[in-house]
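Residue-level listing of the chains:
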Amino acid sequence: QVHLVESGGGSVQAGGSLSLSCVASGTTFVAYQMGWYREAPGKQREMVATIDSVGGRNIATNISEPVTGRFTISNDDGKRTLVLHMSNLKPEDTAVYSCNYHARVGLYEYDYWGQGTQVTVSS
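Rules used in this analysis
Residues numbered from 1 in each chain as written. Predicted model: local features only at pLDDT ≥ 70, side-chain atom pairs only at ≥ 80, totals over all residues. Heavy atoms only, no water. Helix = DSSP H or I, 4+ residues; strand = E, 2+ residues; numbered from the N terminus. Buried < 20%, exposed > 50% of the residue type's maximum accessible area, 1.4 Å probe, protein only. Phe/Tyr/Trp six-rings, centres within 6.5 Å; stacked < 30°, edge-to-face > 60°. Disulfide = S-S within 2.5 Å.

### A few points about unusual backbone geometry
Part 1 of the argument: Residues other than glycine seldom take positive phi values, yet N88 does so here, at roughly 50°.
Part 2 of the argument: The residue N88 is located in the loop between β8 (81–86) and β9 (95–105) in this model.
Part 3 of the argument: On the accessibility criterion, N88 (42% relative accessible area) is partly exposed.

Right, here's the structure in full:
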């Protein structure tokens, strides 16, 4: 199965930067999506940024509107490490950030999640 290990969370002052890392292992699907989601207190979980991959090649990068222009997402050539680089952080970015691996095969859907890492932005 897929295993996701996250790191890089912490506290930062507004306007600062922080990078989150997700190390993936056990991936077997040709077509899949990996990305970061976040859940803030009192709010539903939302997508932050994802990368769609087919045959080992990244075909699309998706960035949510609230973080567009401030966050970037990338991975290494082996698709083993997913990095979310966050800059110009705002207090509203405070949330638990979780790494996700998603794949679909016919009627079946596969989802794997990391444990989540806390990001706190102070004003």
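### Let's talk about the packing of aromatic side chains
Part 1 of the argument: A full pass over the atoms with the stated rule returns five aromatic pairs.
Part 2 of the argument: Between F29 and Y110, the aromatic rings sit 4.8 Å apart at their centres with planes inclined by 45°, giving tilted as the arrangement. With a gap of 81 residues between them, F29 in the loop between β3 (18–25) and β4 (31–39) and Y110 in strand β10 (residues 108–113) connect regions that are remote in the sequence.
Part 3 of the argument: The partly exposed category is assigned to Y110, whose relative accessible area is 28%.
Part 4 of the argument: Among the aromatic residues, ring-to-ring pairing joins F29, Y32, Y101, Y110 and Y112 into one connected group.

### Comments concerning the state of the cysteines
Part 1 of the argument: This model, assessed by the stated rule, comprises one disulfide.
Part 2 of the argument: Disulfide pairing is shown between C22 and C99; the S-S distance is 2.1 Å. Here the disulfide of C22 and C99 is left-handed, its torsion about the S-S bond being about -80°. Placement of the pair is C22 in strand β3 and C99 in strand β9, with a sequence separation of 77 residues. You'll find C22 and C99 in the same group, each marked buried.

Shape descriptors only; they carry no functional weight alone.
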